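Single-letter residue listing:
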Amino acid sequence: MSNQRLLSLANLSMVVFMVLFCGSLSMAWLGEQSLSVGTTVFMHITLVLTAALFKLAYVVRLIAQDRMGQPLV
């Protein structure tokens with residue numbers, strides 16, 4: 001896989017995981033009164049997983065930038 005493709009994939013992954021994180025955050029904290037306990041617990045677990053996957057995508061982004069000689073931001 002080329003470094004440019006890896007960078008694009010990592011950026012897209014970061015956006016997707018951020019959207020999923022915000023959705024589960026709103027369901028877990030703002031809509032908890034209308035959800036069952038099991039669904040609320042699932043949303044809290046989803047928060048942890050999406051945050052971890054976002055961080056992993058960021059590390060992949062840094063690796064791609066390093067290989068391309070770009071400054072790490």
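What you are looking at is a predicted structure, and each value in this text was computed from that prediction instead of being measured. (Residues numbered from 1 in each chain as written. Predicted model: local features only at pLDDT ≥ 70, side-chain atom pairs only at ≥ 80, totals over all residues. Heavy atoms only, no water.)

**Description of helix α1 (residues 3-30)**
Threshold: The secondary structure listing takes helices from DSSP runs of H or I that are at least 4 residues long and strands from runs of E that are at least 2 residues long, numbered from the N terminus. For a helix, the expected span equals 1.5 Å multiplied by the residue count minus one. A simple rule labels every residue: compare its accessible area, found with a 1.4 Å probe on the protein chains alone, to the largest value its type can have, and call it buried under 20%, exposed over 50%, or partly exposed in between. Here, two residues are considered to be in contact whenever any of their heavy atoms come within 4.5 Å of each other.
For α1, with 28 residues, the first-to-last C-alpha span of 40 Å sits near the 40 Å given by 1.5 Å per residue. Of the positions making up α1, those classed as buried are Leu6, Leu7, Ala10, Met14, Phe17, Ser24 and Ala28. Looking at the buried side of α1, the elements it contacts are α2 (37-68).

**Considerations on the packing of α1 against α2**
Spelled out, the test is: Axis definition: a line fitted to C-alpha atoms, limited for helices to the stretch in contact. Angles are taken between N-to-C directions and run from 0 to 180 degrees. Each angle gets one of four labels, with under 35 degrees taken as roughly parallel, over 145 as roughly antiparallel, 65 to 115 as roughly perpendicular, and the rest as oblique. When the near helix sits turned anticlockwise from the far one by under a right angle, the crossing is termed left-handed; a clockwise turn instead gives a right-handed crossing.
Packing of α1 against α2 leaves a shortest axis separation of 8 Å and a crossing angle of 160°. In this view, α1 runs roughly antiparallel relative to α2, as classed from their interaxial angle. Where α1 crosses over α2, the two elements pack in a sense that is left-handed.

**Some points on α2**
For α2, which comprises 32 residues, the first-to-last C-alpha distance of 47 Å matches the rise-based estimate of 46 Å (1.5 Å per residue) to within 8%. Residues Thr40, Met43, Thr46, Leu47, Thr50, Ala57, Arg61, Ala64 and Gln65 constitute the buried set of α2. Against α1 lie the buried residues of α2. Gly69 occupies a position one or two residues after α2 and carries a positive phi of about 80°.

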